[in-house]
Amino acid sequence: MGAAGSKLEKALGDHFPEGERYFGLENFGNTCYCNSVLQALYFCVPFRDKLLEYYEKNKNPADPEENLLTCLADLFTQISSQKKKTGVIAPKRFVQRVRKENELFRGYMHQDAHEFLNFLLNELVDILEKESSAAKDSSENSSSDKIANGPRNGLANGVQKEPLVTWVHKNFQGILTNETKCLRCETVTARDETFFDLSLDIEQNSSITSCLKNFSSTETLNAEDKFFCDKCCSLQEAQKRMKIKKPPHILVIHLKRFKYIENLGRYKKLSYRVVFPLELKLTNTMEDADSEYSLFAVVVHVGTGPNHGHYVSLVKSHNHWLFFDDENVDIIDESAVQTFFGSAQEYSSNSEHGYILFYERLTSVTS
Ligand SMILES: [Zn+2]
């Protein structure tokens, strides 16, 4: 590790960013799904800053209770406060905690990085919500920081508890609108839903922009799949489409590379080439201006099948691109990012494919 570390330090030389740490993460037997996601989150600076802040505020609790949030805050603090600029850290407590909390991640089988990310973010939200309601119980303070979360209904019945907006929501949460138009009476029904990431169907030789276009394209509901129109009080043909109502600050895009193939009776990995740009414009939003995003991390799946393989990540930090493969950290050229787009032919020696993309919004957000 010393040699690899000093190689990286040499490569960065005088450009080594002040205060930044680049640490590989030890693998405890197929924990690359976790390591790759942790690196992407560590280099999600607004998220990291909140975690470090959380650690500072909570480092000496009256009743020290360990949970995923405290373990993650602890790990990030451990990395950021290292004396050395590079090296390897063992995220042992965090991984133990993950295995304790979720039996899915307990085995030594290959795990899905996207499932893990989802689990982690939802778990952090749960912990923050519990802490907030515990704090509220002890001191009946009124929080003004609330908006609806999850499918909203317009009914102000006063019974429904408004969920709290945590810093996890502020970073990752966006809102989608599902619009359905009855083709008989033309009434449009809109239903909002929140998301932490967008899961996109992919096609061979496509791009994120075209996948997003398909995601928002109009779908006709007919035959067996008609829509119950409240106004017509009956099943009617309808048109449905999804639009992004509120783009998130951090846009996480999950490419659906693992597809269930009916006649094979199993999942297959799609190695399709899907171009993901370094700068992305979101055009299918309901906001007036396009939202511009910059790519800062990619979780890459390495391998040919869904049940085995490896995960690594690419991360952009202070205008340098780095490659994280468990313990190993290397600096790479920005042009190398495109080698992770996928394979234009089905059988290709290249088996390293971008799987989860992390974009940060560039344009200012009003919140
Ligand atoms: Zn109708």
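Refer to the structure presented above.
What counts, and where the lines are drawn
Residues numbered from 1 in each chain as written. Predicted model: local features only at pLDDT ≥ 70, side-chain atom pairs only at ≥ 80, totals over all residues. Helix = DSSP H or I, 4+ residues; strand = E, 2+ residues; numbered from the N terminus. Rg over C-alpha atoms; globule rule 2.2 N^0.38 Å. Buried ≥ 20, exposed ≤ 12 C-beta atoms within 10 Å, placed from the backbone. Contact = placed C-beta atoms within 7 Å. Core = buried A, V, L, I, M, F, W, Y, C linked by C-beta atoms within 7 Å. Pairing = 2+ DSSP bridges. Axes fitted to C-alpha atoms, helices over the stretch in contact; angles between N-to-C directions. Parallel < 35°, antiparallel > 145°, perpendicular 65-115°, else oblique. Left-handed = near helix turned anticlockwise from the far one by under 90°. Nonpolar A, V, L, I, M, F, W, Y, C, P; charged D, E, K, R; others polar.

### Looking at the overall build of the protein
- Per the secondary structure count, the protein includes eight helices and 20 strands.
- Against the compact-globule benchmark of 21 Å for 367 residues, the protein has a radius of gyration of 22 Å, which places it among compact chains.
- Across its three principal axes, the protein shows a C-alpha extent of roughly 70 × 60 × 40 Å.
- A burial count over the protein gives 32% of its 367 residues as buried.
- Summarising the internal contacts of the protein: among those between residues at least 6 apart in sequence, 68% fall at separations of at least 24.

### Points about the nonpolar core
- Core analysis: the largest hydrophobic core is formed by 75 residues, its most contacted members being Val37, Ala40, Cys44, Ala113, Ala297, Val299 and Phe358.
- No other element matches the eight residues that helix 2 (residues 32–42) contributes to this core.
- Contacts of Cys44, omitting those with residues within four sequence positions, involve Ile250, Phe296, Ala297 and Phe358.

### Section: the sheet that holds strand 3 (residues 174–182)
- The sheet built from four strands is open, its strands ordered 4-3-10-7 with antiparallel pairing. What marks the edges here is a single partner per strand, and that holds for strand 4 (188–195) and strand 7 (219–221). The average undirected angle you get between the axes of adjacent strands in this sheet is 30°.
- Across three bridges, strand 7 lies against strand 10 (residues 238–246) in antiparallel orientation. Residue pairing for strand 10: Leu221 is matched across the bridge by Ala238.

### Some details on helix 2
- Most of helix 2 sits out of view: eleven of its eleven residues are buried.
- Turning to helix 2, its buried residues number three or more, namely Cys32, Tyr33, Cys34, Asn35, Ser36, Val37, Leu38, Gln39, Ala40, Leu41 and Tyr42.

### Focus on the pairing of strand 3
- Note that strand 3 and strand 4 share eight bridges and pair antiparallel. Bridged to Glu179 within strand 4 is Ala190.
- In this structure, the hairpin formed by strand 3 and strand 4 is closed by a connection of five residues, where Glu186 is found at a positive phi of approximately 65°.
- The pairing of strand 3 with strand 10 spans eight bridges and is antiparallel. In the sheet register, Ile175 faces strand 10, and the bridge partner there is Lys246.

### Considerations on the environment of Phe16
- Here Phe16 is to be found in the loop between helix 1 (2–12) and strand 1 (22–25).
- Judged by local crowding, Phe16 falls into the partly exposed class, with 17 C-beta atoms found within 10 Å.
- Taking the C-alpha atoms as reference, Phe16 lies 8.9 Å from His318; in sequence the two are 302 residues apart.
- Ignoring sequence-local partners within four residues, the contact set of Phe16 consists of Glu9 and Lys85.

### Quick word on unusual backbone geometry
- Phi angles above zero are rare outside glycine, and Glu186 is one such case at about 65°.
- Among the structural elements, Glu186 can be located in the loop between strand 3 and strand 4.
- Taking the number of C-beta atoms within 10 Å as the measure of exposure, Glu186 has 11 and is therefore exposed.
- We note that Asn205 has phi near 50°; this positive angle belongs to a residue other than glycine.

### A look at the environment of Leu235
- On the secondary structure map, Leu235 appears in strand 9 (residues 234–236).
- For the pair Leu235 and Leu121, spaced 114 residues apart in sequence, the C-alpha to C-alpha distance is 38 Å.

### Let's talk about the packing of helix 4 (residues 68–80) against helix 5 (residues 92–101)
- Two elements in contact, helix 4 and helix 5, have axes whose closest approach is 9 Å; the angle formed by their N-to-C orientations is 160°. Between helix 4 and helix 5, the crossing angle belongs to the class labelled roughly antiparallel. Crossing angle aside, the handedness with which helix 4 passes helix 5 is left-handed. Residues Leu68, Cys71, Leu72, Asp74 and Leu75 of helix 4 form the contact with helix 5, whose own contacting residues are Arg93, Phe94, Arg97, Val98 and Glu101.
- Taken together, the residues of the contact of helix 4 with helix 5 sort by class into six nonpolar, no polar and four charged.

### Regarding the environment of Leu314
- With respect to the helices, strands and loops of the structure, Leu314 is situated in strand 17 (residues 310–317).
- Accessibility expressed as a C-beta count within 10 Å gives 28 for Leu314, which makes it buried.
- Distance in space between the C-alpha atoms of Leu314 and Phe16 is 17 Å, their sequence separation being 298 residues.
- In this view, Leu314 contacts Ala297, Val298, Val300, Trp321, Phe323, Val337 and Phe340; residues no more than four positions away in its chain are not counted.

### Section: the pairing of strand 19 (residues 328–332)
- As paired elements, strand 18 (residues 320–325) and strand 19 share five bridges and run antiparallel to each other. Across the sheet, Phe323 pairs through a bridge with Asp330, a residue of strand 19.
- Linking two consecutive strands that pair antiparallel, namely strand 18 and strand 19, is a turn of two residues; a positive phi of about 50° is found at Asp326 within it.

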